[in-house]
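In case you want the letters, here they are:
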Amino acid sequence: MAPSLRIGVLLSGSGTNLQAIIDAVADGLPVEVAHVVSSRPDAYGIERARAAGIPVTVLNREVYADAQAADALIARTLRDAGAEYVVMAGYMRKLTPVMLDAFPDRVLNLHPALLPSFKGAHAIADAFDAGVKVTGVTVHLANEDYDKGPIVAQEPVRVQEGWSLDDLEAAIHEVEHRLYPAVLRVIAEGRLELGADRKVRIAE
């Protein structure tokens with residue numbers, strides 16, 4: 001039986017969330033990673049993709065000198081690969097309307113906090129420094145407002161007494177690696193509904 005959802009993955013670093021998706025696919029997740037794009041030539045996620053036999057496009061800082069041209073290249077590459085959704089997995093570049101318009105309401109982002117709290121690139125450290133007792137992970141649809149698109153799924157992480165920042169980061173990543181594949185399964189099964197009110201509902 002052919003996978004019901006083809007995705008493109010964008011990454012900039014170690015690619016642990018890509019690996020979690022690859023592992024979930026091996027365990028029966030009805031998804032195919034059609035193509036991976038890395039914004040950095042030294043990202044270890046490139047090796048993870050190649051080890052899994054996934055085609056990779058590697059970009060660099062010079063390509064991003066024109067952000068819209070870079071996004072046009074990425075969008076064309078992913079469309080040519082047959083990607084239906086784009087999955088941001090530790091991708092450290094802000095998407096332009098060129099990319100968002102190419103995959104309207106079909107770009108997923110993973111944020112290591114419970115949005116709308118602790119937006120931005122340092123969410124785990126910001127939550128830790130604030131002394132919160134509960135933080136977590138959010139999967140949302142990306143739009144032009146940074147970390148503000150419609151929320152698809154959230155899972156809390158309770159901060160234990162005595163935890164270090166490293167402990168919290170490890171707990172957050174554990175949830176990320178479980179939640180992202182779960183959301184992709186919902187999409188592959190056609191159960192994600194985005195209402196006119198821009199709120200996401202998950203059908204049973």
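Structure: above.
Not measured: the values here are computed from a predicted model.

Draft legend 1. Inspection of the environment of V98 at higher detail. By the secondary structure assignment, V98 is in helix α4 (residues 97-102). Between the C-alpha atom of V98 and that of I74, which follows or precedes it by 24 residues, the distance is 9.7 Å. Setting aside residues no more than four positions away along its own chain, V98 makes contact with Q68, D71 and A72.

Draft legend 2. Local environment of the pattern of salt bridges. This structure, assessed with the given rule, holds 9 salt bridges. Across the pair R50 and E47 runs a salt bridge, and its minimum N-O distance is 3.9 Å. One end of the pair, R50, and the other, E47, are both in helix α2 (residues 45-51), 3 residues apart, so they sit about a helical turn from each other. Among the charged side chains, a network of salt bridges with common partners joins R185, E189 and R191.

Draft legend 3. Local environment of helix α1 (residues 16-26). Burial in α1 covers these residues: N17, L18, A20, I21, I22 and A24. Positive phi shows up at G28, right after α1, with a value of about 115°.

The rules we used
- Residues numbered from 1 in each chain as written.
- Predicted model: local features only at pLDDT ≥ 70, side-chain atom pairs only at ≥ 80, totals over all residues.
- Heavy atoms only, no water.
- Helix = DSSP H or I, 4+ residues; strand = E, 2+ residues; numbered from the N terminus.
- Contact = heavy atoms within 4.5 Å.
- Salt bridge = Lys/Arg side-chain N within 4 Å of Asp/Glu carboxyl O.
- Buried < 20%, exposed > 50% of the residue type's maximum accessible area, 1.4 Å probe, protein only.

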